[in-house]
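Structural description and commentary
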Amino acid sequence: MSDDTRRAFLGQLAQGATALAAPAILSGCARPEDWRTRVDGRWIGDNAVLGHRVRDAAAQPPAGARARRCDVLVVGSGIAGLSAARSLQRAGITDFAVLELEDEPGGNSRGHAMHGLRCPLGAHYLPLPGPSAPDIQAWLVEIGLAKQTSAGLKWDERQLCHSPQERLFIAGRWQDGLLPDVPRDSPTQAQYRLLAKAIAEAGRIGFALPTARAPWTPAHSALDAMTCSQWLRSQGIADPLVLTYMDYCCRDDYGAGSDTVSAWAAVHYFASRHGFSAPGDDSNDRDPVLTWPDGNAPLAQALRRPFEDRVQTGRAVFRIDEGLQGITAWAFAGAEVERWTARHVIVATPLFIAAHVLTAPPAPLVAAAKQQRRAPWMVANLRLDALPLDRVGAPLSWDNVIHGSPSLGYVDAQHQNLARVVGERLLTAYWTFPDADRRRLLQMSWQDATQMLLDDLRVVHPDLSERLQQVDIVRHGHAMSIPTPGLRSSAALAAIPDSAARVSFAHADLSAYSVFEEAFTRGDAAGRRVARRATS
Ligand SMILES: Cc1cc2nc3c(=O)[nH]c(=O)nc-3n(C[C@H](O)[C@H](O)[C@H](O)COP(=O)(O)OP(=O)(O)OC[C@H]3O[C@@H](n4cnc5c(N)ncnc54)[C@H](O)[C@@H]3O)c2cc1C
C-alpha cells in the first residue's frame, strides 16, 4: 500500500469514517462502541514534551546550572549509546556517564508490562547473527544466549522464536507464512521465482549485516539511486500479490513503502540474510530469530547491566559546546539544568538531534541530517481478557499480518511462553505512517488511535473490542531514518564518523536505516575510537 493510500486511510479515520468494514457474516457479533467508556487507555513511553523542549531550547544556556563532570559523556541510551558505553568500559575507561532523555534506557528497544505481562514498545526480534557479525555473536555468547561448541554456536532454544512463526490473512482465511499461497503453475509463482532470481543476481555485488562489512561499489550506488518499486519494474515484476508483499516488507523493515525505500535497502534485507525463495522451491525453513515477550528489551538490559549506575535517565541534552579545554553539555534534568564537562562526548542520538544540539555541528552531519526523512511509528499493546474469536486457517502465530491492511499486523507477546497460556492475552500491533502525518499522530487521542486499531483488526477478530481491557500506545514520532534513494550512498553520511575530533557519533542513522546490528556496531566503533583517543 502506498504512502498516499495510508494517508487517505488515516484521514478517513480522523474524520470518523470506518475504512475497513467488518464482513457481513460477522456484523451480528459487533457490539455498540461501549469500549470507550470501559477500556483503560493511554499514550505512554515517548516523552515528546521533553523532546520538543530540546528543540525549542533558548540559544543561551541559563545561569545557575548544576555542575557535573566525567571523562567521557555518552548522550542517548539506545542500543548504540549502550554499546558505545560497553566498549568504553571494556577498554578500561570507568569515568563515563550515559544521559538519556526518557525515563527508561533502551530507546527503540524498550519494553513494557501490563498486569505483569511483558510486551514490546518497539524492536521485537534479532535474527541470528551470521559470520559477518562475530562481535555480536561473541556478545550473545557472553550474555548466555549461545554456547560456543566444536560444531559452532549452539543457541538457547528457549529464546528462539517458537513455531508457528508467521501467518497471513488473505481471501477470508489465515494461511501459514507471509507469502500468499498460490498454485505451483500460476503466474504469481513464476513471479516469485523471478524475484528470487533478481535478488540472487543483485546480491552478487555483496551485502552484509552490519552493512559496513560489505563493500560499497558503483553497482551499490546504482541500486541505491532507485526506489524498490522502480527496481521491481525493471526486473519485470508486476504481479499485485508480489508487489503488495514487497511493499509490506519495506514498511515493516524501514517504515515506508516500496515507492519510498531504495532498491539497495530492499535487496539488502534479503541478500544480507537468507535470500528470497519462491514458496515450495526451497526447504522454506523460517529464519531463526531471537525474541522475547518484551521484544529486544532484554538485549538493552543485558548491555547496560555492567554499568547500570552510570546511566542517568530523565536528562535531555539540549546544547553541546566544544571548547579548547573540553566539551560542555547542557541537559534538562526535571526542573533543574545540569552543565556537564567532559574530555570526550559520544552523541548517540538520531542525527537530526545531534545536528541541533551541537553549537558547531560538522558540515557533513548537518548535510546528512537534512537528507534523512524519518518514519513515525505507533506500537499499541492491547490487553485482552481472553483470546478473541479468530478466523479459520493457520493458528495464532508470533507475527500475524492482514493482507492489504494499512497496519503491519500484530505480534502475540506471549508467544514464547512454554506453558499453555490461559486467561489474559497481550497483542502488540505495529503501525507506521508517512512523515507528513507526524503532527496528526501527535494530536490524535488514544481513543481515536484505538478505534483505528480495532477497525483494522476486527476483520480477523470480530469481538476484539469486547475482549479489550487496556490499551497502552507509544508514538515514536521520529522513530527511524528511512533508507530513501541516495541516502546510503551519501558522501555526507559517510564522512560523519570521523568528522569531529572530540565529539563522536553513534546511532543506527549512520547506516541510513535502523536495526539492532547497525546500532550495536556503530556504538561499538565509536566507543573504541574514543577509548583510543582518551588513552593516547
Ligand atoms: C517500532 C519499531 C520496531 C522496531 N523493530 C525492530 C526489530 O524488531 N528488530 C531490530 O533489530 N530493530 C528494530 N527496530 C529498529 C531499532 O530502532 C533498532 O533496533 C535500535 O533499537 C536503534 O538503536 P539506536 O541506539 O540507534 O537508536 P534509538 O533507539 O533512537 O536511541 C537513541 C536514544 O537517544 C535518546 N535521546 C534522543 N535525544 C536525546 C537528548 N537530547 N538527550 C538525551 N537522550 C536523547 C533517545 O531517547 C533514545 O533513547 C525497530 C524500531 C521501531 C521504532
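A brief structural summary. In this text, all values refer to a predicted model and were calculated from it rather than measured experimentally.

**Observations concerning the overall build of the protein**
Of regular secondary structure, the protein possesses 18 helices and 23 strands. At 23 Å, the protein has a C-alpha radius of gyration in line with the 24 Å of a compact globule built from 536 residues. Summarising its shape, the C-alpha atoms of the protein cover approximately 70 × 55 × 45 Å along the three principal directions. Of all 536 residues assigned to the protein, the portion counted as buried reaches 58%.

**Re the site of the ligand**
In the vicinity of the ligand, 35 residues are found, and the nearest of them are Glu100, Asn108, Ser109, His507 and Ser514. Here an oxygen atom of the ligand sits 2.8 Å away from a polar atom, N or O, in the side chain of His507. Contact distances for the ligand include 2.9 Å between an oxygen atom and a backbone N or O atom of Ala508. Contact with the protein chains covers 94% of the free accessible surface of the ligand, which is 1,000 Å². Listed by contribution, the elements that provide at least two residues to the shell around the ligand are helix H4 (79-90), strand E14 (315-322), strand E18 (373-384), strand E22 (468-482) and helix H18 (516-535).

**Quick notes on the sheet that holds strand E13 (residues 311-312)**
The strand order across the open sheet formed by 5 strands is E13-E4-E3-E17-E23, and the pairing between neighbours is parallel. Edge positions in the sheet fall to E13 and strand E23 (503-505), since each has one partner strand and no second. Contacts between H4 and the sheet are confined to strand E3 (72-75), strand E4 (96-99), E13 and strand E17 (344-347), with E4 contributing the most and set at about 175° to the helix.

**Things to note about the sheet that holds strand E16 (residues 336-342)**
Overall, mixed pairing links the 4 strands, which are arranged E2-E16-E15-E14 in an open sheet. The two strands at the open ends of the sheet, each matched to only one other strand, are strand E2 (66-69) and E14. On average, adjacent strands in this sheet sit at an angle of 25° to one another, irrespective of strand direction. Strand direction decides the pairing type here: strand E15 (residues 327-333) and E16, joined by 7 bridges, are antiparallel. Bridge assignment links Ile327 to a residue of E16, and that residue is Ala342.

**What about the nonpolar core?**
In this structure, Leu195, Trp231, Tyr245, Met246, Phe270 and Phe276 are the most contacted members of the largest nonpolar core, which totals 52 residues. Elements supplying a minimum of two residues to this core: strand E10 (166-170), helix H6 (187-203), helix H8 (228-234), helix H9 (240-254), helix H10 (263-271), E18 and E22. Discounting residues that sit within four places of it in the chain, Tyr245 has contacts with Leu178, Leu179, Phe270 and Phe276. Within the second largest apolar cluster, 39 residues are counted, among which are Val72, Leu126, Val311 and Ala519.

**Focus on the packing of aromatic side chains**
Summed over the entire model, instances satisfying the criterion amount to 15 aromatic pairs. Chaining the aromatic ring pairs together yields one cluster made of Trp216, Tyr254, Trp264 and Tyr513. It is Arg53 that lies over the ring of Phe332; its NZ or CZ is 3.8 Å from the centre. Arg310 extends its terminal NZ or CZ atom over the ring of Phe96, reaching a point 4.7 Å from the ring centre.

**Considering the pattern of salt bridges**
The tally for this structure, following the rule as stated, stands at 32 salt bridges. Here the residues in one salt-bridge network are Arg66, Arg68, Arg315, Glu336 and Glu338, joined through shared partners.

Definitions and cut-offs
Per chain, residues are indexed from 1 in the order of the written sequence. Side-chain atom pairs in this predicted model are given and counted only at pLDDT of 80 or more, local residue features only at pLDDT of at least 70, and totals for whole chains, interfaces and linings cover all residues. Only hydrogens and water are removed before side-chain values are computed, so all heavy atoms of the structure are retained for them. Secondary structure is summarised from DSSP: a helix means a run of H or I of at least four residues, a strand means a run of E of at least two, and numbering begins at the N terminus for each. C-alpha atoms define the radius of gyration in this analysis, and the globule rule sets the expected value at 2.2 Å times the number of residues to the power 0.38. Relative accessible area decides the class of each residue, using a 1.4 Å probe on protein chains only: under 20% of the type maximum gives buried, over 50% gives exposed, and in between gives partly exposed. Here a residue counts as near a molecule or strand whenever at least one of its heavy atoms sits within 4 Å of it. Polar contact is defined as a pair of N or O atoms within 3.5 Å, subject to the rule that within protein one atom must be able to donate a hydrogen and the other to accept it, and that residues adjacent in sequence are counted only when both atoms are side-chain atoms. Per-residue and other accessible areas were derived by the Shrake-Rupley procedure at a 1.4 Å probe size, with only the shown protein chains allowed to occlude residues. Paired strands, in this sense, are two strands between which DSSP finds at least two bridges. We call two residues in contact whenever any of their non-hydrogen atoms come within 4.5 Å of each other. Note on geometry: axes are C-alpha line fits, over the in-contact stretch for helices, and angles between N-to-C directions span 0 to 180 degrees. Nonpolar cores are built from buried Ala, Val, Leu, Ile, Met, Phe, Trp, Tyr and Cys residues. Side-chain atoms within 4.5 Å join them into one set. Two aromatic rings from Phe, Tyr or Trp, using only the six-membered ring of Trp, form a pair when their centres are within 6.5 Å; if the ring planes differ by under 30 degrees the pair is stacked, by over 60 it is edge-to-face, and anything between is tilted. Either the NZ atom of lysine or the CZ atom of arginine qualifies as a charge over a ring when it sits within 6 Å of the ring centre and within 35 degrees of the ring normal. The term salt bridge refers to a side-chain nitrogen of Lys or Arg lying within 4 Å of a carboxyl oxygen of Asp or Glu.

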